[in-house]
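Overview (structure and organization)
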Amino acid sequence: MGRRSLFLAIMAIFSIFTLLTTSGVVAAWVYGTPVEPYESQMTVSLGSFDHNKLYVLNISDPYSSSGYSSADMEKVSDLNVSVDATLNSASSSSVSFDVTIYNGSDLTYYYNETETVSADNNNIAYTVSGIEQKDSIGPEESKTVTVTFTFKNGASTNDPSISAELHFNFVLDKDSIGIVVARTAVDRFREILNNVVAANSYETLENAMNNRSGWDKESAVTYIGNVYGSGSTDSTAVKNLFGNEFMMMDLDGDGKPEEITMMIKRENLDGNNATGDSYTYRDGRNNVTVSGVEMTVYITSVKFEEENISRGEDIVVYVATFTKLPGATEWIELVPLTSGMAPANSYTYGDNWGDADSFNTNKWESDSGDTLTELVIAAIS
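Quantities reported herein were computed from a predicted structural model and do not represent experimental measurements.

**Structural notes on the packing of aromatic side chains**
For any pair of aromatic rings, geometry is given as the distance between the ring centres together with the angle between the planes. The full count for this structure, using the stated rule, is six aromatic pairs. An angle of 65° between the planes, with centres 5.8 Å apart, marks the rings of Tyr55 and Tyr102 as edge-to-face. You can see Tyr55 sitting in strand S5 (residues 54-59) and its partner Tyr102 sitting in strand S8 (residues 94-103), a full 47 residues away along the chain. Ring geometry for Phe189 and Phe322: centres 5.7 Å apart, planes at 75°, overall edge-to-face. Separated by 133 residues along the polypeptide, Phe189 in helix H2 (residues 174-193) and Phe322 in strand S20 (residues 314-323) bring together distant segments of the chain. A cation sits over an aromatic face here: Arg266 above Tyr279, 3.6 Å from the ring centre.

**Examining helix H3 (residues 202-210)**
Buried within H3 we find Tyr202, Leu205, Glu206, Ala208 and Met209. In an axial view of H3, the angular spread of the buried residues amounts to 160°, which keeps them on one side of the axis.

**What about unusual backbone geometry?**
Located in the positive-phi region is Lys134, a residue other than glycine, with phi close to 80°. Take Lys134: it is sitting in the loop between strand S10 (124-129) and strand S11 (136-137).

**Focus: the pattern of salt bridges**
Scanning the model with the defined rule gives five salt bridges in all. Residue Glu267 pairs with Lys265 through a salt bridge whose shortest N-O separation is 3.7 Å. On the basis of relative accessible area, Glu267 is assigned to the buried category, the value being 13%. The structure contains a network of salt bridges with shared partners spanning Asp187, Arg190 and Glu333.

**Considerations on the sheet that holds strand S9 (residues 109-119)**
The strand order across the open sheet formed by five strands is S6-S7-S13-S9-S11, and the pairing between neighbours is antiparallel. Each having just a single partner strand, strand S6 (68-77) and S11 make up the two edges of the open sheet. Bridging between S6 and strand S7 (residues 80-87) involves eight bridges; their strand directions are antiparallel. Residue pairing across strands places Tyr68 opposite Leu87, the latter belonging to S7.

**Some details on the confidence of the model for the chain**
With 75% of its residues at a pLDDT of at least 70, the chain reaches an overall mean of 77. The low-confidence segment residues 1-52, where pLDDT is below 50, has 97 contacts with residues more than four positions distant or belonging to other chains.

The rules we used
- Counting from 1, residues in each chain are numbered in the order their sequence is written.
- Where local features are concerned, this predicted model is filtered to residues with pLDDT of at least 70; where side-chain atom pairs are given and counted, the filter is 80 or more; whole-chain, interface and lining totals use all residues.
- Hydrogens and water molecules were not included; the side-chain quantities draw on all heavy atoms of the structure.
- In this scheme Phe, Tyr and Trp rings, the latter by its six-membered ring, pair at centre separations within 6.5 Å, and the angle between planes marks the pair as stacked below 30 degrees, edge-to-face above 60, and tilted otherwise.
- Segments assigned H or I by DSSP are reported as helices when at least four residues long, segments assigned E as strands when at least two residues long, and all are numbered from the N terminus.
- Whether a charge sits over a ring depends on NZ of Lys or CZ of Arg being within 6 Å of the ring centre and within 35 degrees of the ring normal.
- For each residue, the accessible area found with a 1.4 Å probe, counting protein chains only, is set against the maximum for its type, and the residue is called buried under 20%, exposed over 50%, and partly exposed in between.
- Each C-beta atom gives one direction from the helix axis, and the arc is the one those directions make.
- Basic side-chain nitrogens of Lys or Arg form a salt bridge, by our definition, when they fall within 4 Å of a carboxyl oxygen of Asp or Glu.
- By definition, two strands form a pair when at least two bridges between them are found by DSSP.
- Confidence scores labelled pLDDT are given residue by residue by the predictor and lie between 0 and 100.
- Should any heavy atoms of two residues lie within 4.5 Å, those residues are considered in contact.

Have a look at this one:
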């Protein structure tokens, strides 16, 4: 039996008239089509984007109209090429290669520049033609550029050989960077929920949420985040959970790493106490257990401290919700990564007063106008 068939069979068993009570109303909820795991199409490593979907597809044979002795260009990595060339002794000698770059992702990339990683002959220079700064390569599109090596004006021709490595530098616009960051955050969040990395485990997340301090700590809904307005305890907990290297990324393409902003929230979204997980909190002298909670991660690339955001102003926030089936141990995606908007508010004081240093998760809506609860209902119906 395949994974999908097994998944359907398990849900069929547990979906028969699962009763719940919400505000005194009894209803029956039935889980329907299973939610397939979301597969990230981009990865992020050590604060920079791995262009594993934008890559050199083809390199032509060398050619020249002015003569050269020998030349070879090879692909070193996705966007890096190495060159070994020997020109003729004539100052006009040159050699060219046509390099085709292909974009296999679903994002649009913009050409920034070609960087010299290394070069061992300062008398020989190269030019890149066929592309200009800010030229774009859309999804499943390719661009062919010409790289030409020749002597610099007035340079000595005594040493006509060069070995060099070049890097074709492409960047994303802000919206696309937000998507890449969100995809990567969701992948890491899945690993945390399922204890893939013991040091960054679900138990660590639970402890951080249970230890969240403040007079406004909610009981049935608990959240933690590293938004600009969160205290050092909460921010540190999130950073430790996801890892500092992961948290620091180049969010606007300027080459400077900045901190990803996230909120993690647990609440019963599907109305079923048998799914998800449970937690216990202290209410006065009594312990209260909340069951059936799903886990949702909210991600934004907005920089509250720099962008002069006003309270109530809508900002772009990406959301993904995870749950566990009854009796299961693996967290799966209930609502895959979805783009939407949420109004800015105060992390400590909510909507009423305080600086706009966070966002209101309760008022998040998808780009199509659905609330998170509506997306959950659609996923399980």
